[in-house]
2 protein chains.
Amino acid sequence: MGGDFGPRVTVPASLRALKENPSLYILLVGDQAQISACLPEHSAYLSRIEICHSDISVAMDENPKSALRHYKGSSIHLAVQSVADRKADACVSAGNTGALAVISRYLLKMYPGVSRPAICTLLPSRAGECLMLDLGANLACDEYDLFQFAMMGSAMAGVMQNKASPSVGLLNVGEEELKGTDQIRRAAALFSSSPHIEYKGFVEGSDIFTGDVDVIVCDGISGNTALKTSEGVVRFLFQQIRQAFNRSLYSRFISLLARPVLKRLRRSLNPEQYNGAVLLGLQGVVVKSHGAAEAEGFYRAIVHAQRAVKADLCQKVAEKIQAQ
Amino acid sequence: MGGDFGPRVTVPASLRALKENPSLYILLVGDQAQISACLPEHSAYLSRIEICHSDISVAMDENPKSALRHYKGSSIHLAVQSVADRKADACVSAGNTGALAVISRYLLKMYPGVSRPAICTLLPSRAGECLMLDLGANLACDEYDLFQFAMMGSAMAGVMQNKASPSVGLLNVGEEELKGTDQIRRAAALFSSSPHIEYKGFVEGSDIFTGDVDVIVCDGISGNTALKTSEGVVRFLFQQIRQAFNRSLYSRFISLLARPVLKRLRRSLNPEQYNGAVLLGLQGVVVKSHGAAEAEGFYRAIVHAQRAVKADLCQKVAEKIQAQ
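Criteria and cut-off values
Residues numbered from 1 in each chain as written. Chains lettered and ligands numbered in written order. Predicted model: local features only at pLDDT ≥ 70, side-chain atom pairs only at ≥ 80, totals over all residues. Heavy atoms only, no water. Helix = DSSP H or I, 4+ residues; strand = E, 2+ residues; numbered from the N terminus. Buried < 20%, exposed > 50% of the residue type's maximum accessible area, 1.4 Å probe, protein only. Contact = heavy atoms within 4.5 Å. Areas by Shrake-Rupley, 256 points an atom, 1.4 Å probe, with all protein chains shown as cover. Lys, Arg positive; Asp, Glu negative; His and termini not counted. Charge placed at Lys NZ, Arg CZ, Asp CG, Glu CD. Pairing = 2+ DSSP bridges. Axes fitted to C-alpha atoms, helices over the stretch in contact; angles between N-to-C directions. Expected span 1.5 Å × (residues − 1). Arc of directions from axis to C-beta. Core = buried A, V, L, I, M, F, W, Y, C linked by side-chain atoms within 4.5 Å. Buried area = accessible area lost by both parts, 1.4 Å probe. Salt bridge = Lys/Arg side-chain N within 4 Å of Asp/Glu carboxyl O. Least-squares fit on C-alpha atoms with pLDDT ≥ 70 in both. Phe/Tyr/Trp six-rings, centres within 6.5 Å; stacked < 30°, edge-to-face > 60°. Lys NZ or Arg CZ within 6 Å of the ring centre and 35° of its normal. Polar contact = N/O pair within 3.5 Å; in protein donor to acceptor, adjacent residues only side chain to side chain.

Quick look at the overall build of chain A now. Looking only at helices and strands, chain A has 11 helices and 10 strands in total. By the burial criterion, 57% of the 324 residues in chain A qualify as buried. Once local pairs closer than 6 in sequence are excluded, the contacts in chain A between residues at least 24 apart make up 68%. For chain A, the accessible surface area stands at approximately 13900 Å², while carbon and sulfur atoms represent 49% of it. For chain A, the centre of its 34 positive side-chain charges and the centre of its 31 negative side-chain charges are spaced 6 Å apart.

Below you can see the structure in the form of structure tokens.
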């Protein structure tokens with residue numbers, strides 16, 4: 001029910017995921033009437049769909065703690081509960097991020113040694129992909145929170161990208177040692193002294209896409225700002241590209257010829273391709289989709305959840321943290 | 001002497017500025033030998049250049065307070081001093097940002113009612129341009145700091161862009177009222193209750209480039225992260241565009257035909273075009289150039305300083321703040 005579009009996006013995305021993966025089953029949690037209206041009357045995939053009705057949904061601007069206390073039968077609650085009850089292997093939601101994090105933490109519990117879930121996503125980089133966390137679940141972070149993010153991010157890069165000793169950068173306002181707040185410098189000292197982190201020093205926003213490090217650690221405010229800014233820039237640039245190719249008769253002619261190139265470019269850079277962030281540290285797979293994601297994006301988030309389940313991500317991240 | 005390249009960039013940029021503007025005079029502050037090595041032997045512009053020698057320069061990783069105390073005769077110190085002494089109308093530096101802010105505040109003083117300088121720059125947006133501050137001079141900001149930024153940013157948009165009542169957005173991790181830290185919500189309350197700010201509510205990183213608001217207010221960490229992330233994305237995208245046009249014989253052929261279009265696009269989106277951030281709130285024009293700026297970028301920073309002087313920016317910002 002969550003996100004800007006609800007079942008209009010989540011249902012078609014689910015149908016596509018069912019088509020692509022014959023071993024997938026999907027439990028759609030939400031308003032039965034609204035969901036059914038988005039389902040085709042006859043489809044081979046209906047046999048692998050189950051609807052779990054809920055007529056309560058948590059609004060996008062609801063306070064997370066109030067969502068936990070007062071919305072017990074809400075779709076977000078029931079969806080996470082289905083993972084806690086092992087009725088589902090993973091939960092994917094485009095709903096209220098704070099509510100999803102608080103409810104997941106309450107129902108699924110954290111792995112020992114982890115205090116709060118961190119939102120972690122893959123971003124494109126020159127070297128392939130870069131993992132970044134936290135992206136908005138934790139606004140105020142001390143050095144120990146950041147250290148946990150570094151440990152979990154390293155473990156995830158190991159599990160999901162087969163990187164033996166992933167390099168870690170700490171996001172800051174400059175690369176020089178003296179830059180940043182006291183807290184970020186304390187985190188840097190903690191990172192440097194740990195044998196379990198391949199720490200490479202401070203990185204800046206411009207380093208996210210260079211591929212210089214495999215994992216970028218930051219507090220939720222900086223991570224969220226960086227992620228959303230980059231989405232904004234991509235949209236702005238594509239609009240500028242369209243305008244540039246529309247300026248004259250000549251450029252319009254070129255744009256016709258260049259269409260396959262531009263189309264491929266657009267597809268590979270579309271932020272929807274990278275939609276789906278894992279809430280790391282939980283004893284269960286919970287994937288957060290961007291609230292504004294369309295069917296393509298929500299489909300990617302489902303695929304991301306499947307990858308996490310197949311790789312046994314949560315368990316392996318926990319093992320790595322406990323072994324260290 | 002500052003930035004990644006020193007006189008190799010600042011001197012050619014100065015020569016270009018002198019060429020473009022016959023009424024401009026430039027005082028080059030730094031190591032005479034290094035500066036002279038970058039100057040042509042014969043040039044009509046030499047008569048409008050004066051060198052102010054200093055053999056001390058503040059390193060990019062020097063602590064700002066130590067730069068103020070222990071580098072009295074440094075190039076950055078003398079450059080700001082020349083504005084304080086009214087020998088120069090403006091100072092442009094690619095040096096250590098923190099040192100520039102601290103030294104400027106000490107030598108030039110703030111306008112009454114302003115506690116600290118804020119770094120403010122223009123960014124491209126669909127609607128033309130958007131002003132954003134602070135971009136890294138103030139890492140920890142309370143609601144009153146943010147309110148001062150909003151006032152100064154509004155005044156600057158009025159003076160430099162002739163906007164009668166510029167709209168102001170407050171950068172946050174979400175647009176809903178409950179989002180963000182207590183401090184940002186307190187700032188929002190302060191903004192809402194002020195008759196002097198055309199406050200439009202929270203904006204996210206993705207809104208910087210949409211042009212929905214004229215001024216975006218944020219703390220230095222978020223602003224710096226957003227700015228540097230956007231530079232990184234632009235560089236990454238242009239590299240992806242190059243790759244896409246290099247993939248096949250057909251796409252290489254198209255890229256030849258599309259060269260004028262792509263070149264114009266590159267020029268208009270080049271972050272160097274937007275280089276040059278004003279340190280607002282000071283009793284004098286100080287413009288900070290990106291440390292990594294090349295001659296094109298540093299030239300833009302000089303032009304920006306000229307625009308600020310011609311518009312009598314500092315005085316007008318002070319008048320607006322005092323009148324309210």
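Residue and element names in this part refer to chain A. A cis geometry characterises the amide bond from Leu133 onward to Asp134, with omega recorded as 0°. Within the chain, Arg86 stands out as a residue other than glycine whose phi angle is a positive 60°. Counting through the fold element by element, Arg86 comes out in the loop between helix H4 (75–84) and strand E3 (90–93).

So, on to the sheet that holds strand E5 (residues 128–133) of chain A. All names here are of chain A. Spatial ordering of the open sheet is given by E3-E10-E9-E4-E5-E8-E6-E7, a layout of eight strands whose pairing is mixed. The sheet terminates laterally at E3 and strand E7 (198–203), the two strands that pair on one side only. When the angles between neighbouring strand axes are averaged without regard to direction, this sheet yields 30°.

All names here are of chain A. With 12 residues, helix H7 (residues 182–193) extends 17 Å from end C-alpha to end C-alpha; this agrees with the ideal 16 Å at 1.5 Å per step. For H7, the set of buried residues is Ile184, Ala187, Ala188 and Phe191. Down the axis of H7, the buried side of the element spans an arc of 105°, and every buried residue falls inside it. Residues of H7 that are buried sit in contact with helix H6 (143–161), strand E6 (167–171), E7 and strand E8 (215–217).

With that settled, consider the pairing of strand E6 (residues 167–171) of chain B. Residues and elements named next belong to chain B. With five of five residues buried, E6 is to be regarded as a mostly interior element. The alternating pattern of E6 places Ser167, Gly169 and Leu171 and Val168 and Leu170 on opposite faces, both of which are buried. Pairing between E6 and strand E7 (residues 198–203): four bridges, direction parallel. Considered in E7, the bridge of Leu170 is made with Phe202. Pairing of E6 with strand E8 (residues 215–217) involves three bridges; the strand directions are parallel. Along E8, the bridge assignment pairs Val168 with Val215.

If you look at the biggest cluster of nonpolar residues, it comprises 184 residues, and the most contacted ones within it are Leu170, Phe191 and Val217 of chain A together with Val217 of chain B. Residue contributions to this core peak at 11 residues, all from H6 of chain A.

Each partner contributes to the interface: chain B provides 52 residues, whereas chain A provides 52 residues. For the pairing of chain B and chain A, the buried interface totals around 4700 Å² over both sides, and the portion due to carbon and sulfur atoms is 74%. Considering only the surface of chain B that becomes buried against chain A, Arg126, Val173 and Phe236 of chain B emerge as the three largest contributors, covering 13% of it. If you look at where chain B meets chain A, you find two salt bridges. The salt bridge partner of Lys228 of chain B is Glu204 of chain A, with a shortest N-O separation of 2.2 Å.

With that settled, consider the sheet that holds strand E10 (residues 285–288) of chain B. Residue and element names in this part refer to chain B. Strand order in this open sheet of eight strands is E3-E10-E9-E4-E5-E8-E6-E7, and the pairing throughout is mixed. Each having just a single partner strand, strand E3 (90–93) and E7 make up the two edges of the open sheet. Averaged over all pairs of adjacent strands, the angle between their axes in this sheet comes to 30°, without regard to strand direction. Pairing between strand E4 (residues 118–125) and strand E5 (residues 128–133): six bridges, direction antiparallel. Paired with Ser125 across the two strands is Gly128, which belongs to E5. Strand contacts of helix H5 (residues 97–108): E3, E4, strand E9 (277–280) and E10, with the helix running at about 175° to E10, the strand carrying the most contacts.

In the case of a regular strand, side chains alternate between the two sheet surfaces. All names here are of chain B. Neither face of E10 is left uncovered, since the one carrying Val285 and Val287 and the one carrying Val286 and Lys288 both have all their residues buried. As judged from the two bridges shared by E9 and E10, these two strands associate in the antiparallel manner. When the sheet's bridge partners are listed, Val278 is paired in E10 with Val287. Here E9 folds back onto E10 in antiparallel fashion, the turn holding four residues, of which Gly281 has a positive phi close to 105°.

Note on placement: His196 of chain B falls in the loop between helix H7 (182–193) and E7. Put simply, His196 of chain B and Ile51 of chain B are 145 residues apart on the chain and 44 Å apart in space, counted from C-alpha to C-alpha.

Let's shift gears to the relation of the copies chain B and chain A. Under the fitted operation, chain B is carried onto chain A by 0.0 Å of movement along the axis and a turn of 180°, and the coordinates agree to an RMSD of 0.0 Å. Both copies of the chain, as the preceding transformation shows, are related through a two-fold rotation axis. Of the residues that chain B buries at the interface, 100% are likewise interface residues in chain A, meaning the two copies contact each other through the same surface.

Let us now look at the environment of Leu190 of chain A. Residues and elements named next belong to chain A. Its place among the elements puts Leu190 in helix H7. Overall, the relative accessible area of 24% leaves Leu190 in the partly exposed class. With 47 residues separating them along the chain, Leu190 and Glu143 place their C-alpha atoms 7.5 Å apart.

Once that is clear, we can look at the packing of aromatic side chains. Residue and element names in this part refer to chain A. The tally for this structure, following the rule as stated, stands at six aromatic pairs over all chains. Through a chain of ring-to-ring contacts, the aromatic side chains of Phe147, Phe191 and Tyr199 assemble into a single cluster. The cationic tip of Lys109 hangs over the ring face of Tyr106; the distance from NZ or CZ to the ring centre is 5.1 Å. Against the face of Phe238 rests Arg266, its NZ or CZ located 4.8 Å from the ring centre.

What follows deals with the side chain of Arg48 of chain B. Residue and element names in this part refer to chain B. On the secondary structure map, Arg48 appears in the loop between helix H2 (32–38) and strand E2 (49–53). Put simply, Arg48 is tucked away with no salt bridge, and the nearest opposite charge, on Glu20, sits 10 Å away. Within the local environment of Arg48, its side chain forms a polar contact with the backbone oxygen of Asn21, the two atoms lying 3.0 Å apart. Discounting residues that sit within four places of it in the chain, Arg48 has contacts with Leu18, Asn21, Pro22, Ser23, Leu24, Tyr25 and Ile26.

Another aspect to go through is the side chain of Ser230 of chain A. Its place among the elements puts Ser230 of chain A in helix H8 (residues 220–244). Looking at Ser230 of chain A, the relative accessible area reads 7%, which means it is buried. Setting aside residues up to four positions removed in sequence, Ser230 of chain A forms contacts with Phe209 of chain A together with Thr229 and Val233 of chain B.

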